[in-house]
Amino acid sequence: MSADATAPCIGIIGGTGIHQIEGLELLREHAGENSYGAPSRPLQEGVLNGQRVFFLQRHGSPRAIPPHLINYRANIEAMRALGVTHLIGINAVGGISADMQPGRLVVPDQLVDYTWGREHTFDDGSNGTLQHIDFTQPYDQALRLAIIDSAEAAGIPHEPCGVHAVTQGPRLETAAEVRRFAGDGCDVVGMTGMPEAALARECGIAYATICMVVNAAAGLGDLPLTQDTMRDILQREAAVVRRLLGRLLPQLASAGLE
Ligand code: HPA
């Protein structure tokens, strides 16, 4: 484990299909309760390939909390309070554009937020000043590049860019909604990318996501959109993500990220 106090402190928020990190040597669990409430489940602190990491299952475990009811603020605040400086979100998504076929990993560089009614900011105005974060680039570029480098080094096929549409869920989309997202320039669609990214930015945590395309988005594929048709591909992609993390974490520890 790195003894360097300036080394990045890494957190991972796993989504559907990522309930634990294989090979994580568990050190302890943190309840993580904070002024925004309880995180989705206690955060696991462990060591993976010599790198300390904090892991949280976004949907709780066993999987239970739907995307619109996740307490994103409590999750991010719990990570912040533990000293996390670099946070990797993992999301299952549907593929919209031609390159985003099921089985593909994507490291998005942009997003469009279609969610509504979620607690999407820490700013309740009590500060006396208004907070308008710069969200031009919603993901941390250095962290994105580290993910892409690790995928390349591990020989894992991936898309190094993409626009992530974040919908409210929990239902999947209509075909017309997907056509609209495509017209808006979106490449993949998921339900949990926001407000996680914006909350991390408000806290000054460097944040990026790895998206696993588990189905063709509504109206674009031949298969029915059921949990069963997504399950196999999700399991295969989750194994690839775990391999990617095994490569990425030690690299982050030694990379001297800003
Ligand atoms: N749409 C929204 N969220 C998703 C999808 C989808 O097609 N697949 C996995 N998560």
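Procedures and definitions
- Residues numbered from 1 in each chain as written.
- Predicted model: local features only at pLDDT ≥ 70, side-chain atom pairs only at ≥ 80, totals over all residues.
- Heavy atoms only, no water.
- Disulfide = S-S within 2.5 Å.
- Buried < 20%, exposed > 50% of the residue type's maximum accessible area, 1.4 Å probe, protein only.
- Near = heavy atom within 4 Å.
- Polar contact = N/O pair within 3.5 Å; in protein donor to acceptor, adjacent residues only side chain to side chain.
- Areas by Shrake-Rupley, 256 points an atom, 1.4 Å probe, with all protein chains shown as cover.
- Helix = DSSP H or I, 4+ residues; strand = E, 2+ residues; numbered from the N terminus.
- Nonpolar A, V, L, I, M, F, W, Y, C, P; charged D, E, K, R; others polar.
- Contact = heavy atoms within 4.5 Å.
- Salt bridge = Lys/Arg side-chain N within 4 Å of Asp/Glu carboxyl O.
- Axes fitted to C-alpha atoms, helices over the stretch in contact; angles between N-to-C directions.
- Parallel < 35°, antiparallel > 145°, perpendicular 65-115°, else oblique.
- Left-handed = near helix turned anticlockwise from the far one by under 90°.
- Pairing = 2+ DSSP bridges.
- Core = buried A, V, L, I, M, F, W, Y, C linked by side-chain atoms within 4.5 Å.

(A) Spotlight on the state of the cysteines. Counting across every chain of the model gives zero disulfides. We note that C161 lacks a disulfide partner, and the nearest cysteine sulfur, in C211, lies 12 Å from it. Looking at C186, it has no disulfide partner, and the nearest cysteine sulfur is the one in C211, 12 Å off. Taking relative accessible area as the criterion, C186 reaches 3% and is therefore assigned buried.

(B) Fine view of the site of the ligand. With respect to spatial proximity, the complete set of residues near the ligand consists of A92, V93, G94, L172, E173, V189, G190, M191, V214 and N215. Within the backbone of A92, an N or O atom sits 3.2 Å from a nitrogen atom of the ligand. One of the side-chain nitrogen or oxygen atoms of N215 is found 2.6 Å away from a nitrogen atom of the ligand. A total of 260 Å² of accessible area belongs to the ligand in isolation, and the protein chains cover 93% of it. Those elements that place two or more of their residues in the shell around the ligand are β5 (86-95), β10 (188-190) and β11 (206-216). Considering every element that reaches the shell around the ligand, the biggest residue donor is β5, with three residues. Along the lines of polarity and charge, the residues of the shell around the ligand split into six nonpolar, three polar and one charged.

(C) View of the environment of A200. Along the chain, A200 turns up in helix α4 (residues 196-203). When the C-alpha atoms of A200 and T85 are compared, they prove to be 9.4 Å apart, with 115 residues separating the residues in sequence. Residues in contact with A200, not counting those within four places in the same chain, are I76, I205 and Y207.

(D) Focus on the pattern of salt bridges. Applying the stated rule across the entire model yields nine salt bridges. The salt bridge involving E177 is made with R171; its shortest N-O contact spans 2.8 Å. It is possible to trace a salt-bridge network through shared partners that takes in R28, E45 and R52.

(E) Inspection of the packing of helix α1 (residues 72-81) against α4 at higher detail. α4 packs onto α1 with a crossing angle of 40 degrees between their chain directions and a minimal axis gap of 10 Å. In terms of axis orientation, α1 runs oblique to α4. Considering the relative orientation of α1 and α4, their crossing is right-handed. Touching Y72, R73, I76 and R80 of α1 are E196, L199, A200 and C203, all from α4. When its residues are assigned to classes, the contact of α1 with α4 shows five nonpolar, no polar and three charged.

(F) Structural view of the pairing of β11. Counting buried positions along β11 gives eleven out of eleven residues, so the element sits mostly inside the fold. As paired strands, β5 and β11 are joined by ten bridges and run parallel to one another. Bridging across to β11, G94 finds its partner in N215. Direction of pairing for strand β6 (residues 105-106) relative to β11: antiparallel, over a ladder of two bridges. By the bridge assignment for β11, V106 is matched with C211.

(G) Looking closely at the nonpolar core. One finds I88 and I147 to be the most contacted residues of the largest nonpolar core, which totals 33 residues. When residues of this core are traced back to their parent elements, those giving at least two are β1 (10-14), β4 (51-57), β5, α2 (141-153), β11 and α5 (227-255). Here the element with the most residues in this core is α5; it accounts for ten residues. Non-local contacts of I88, meaning those with residues more than four positions away in its chain, are made with I10, G11, I12, I13, L143, I147, A208, I210, L248, L249 and L252. Counting residues in hydrophobic clusters, the runner-up holds 23 residues, among them I13, A78, L87 and Y139.

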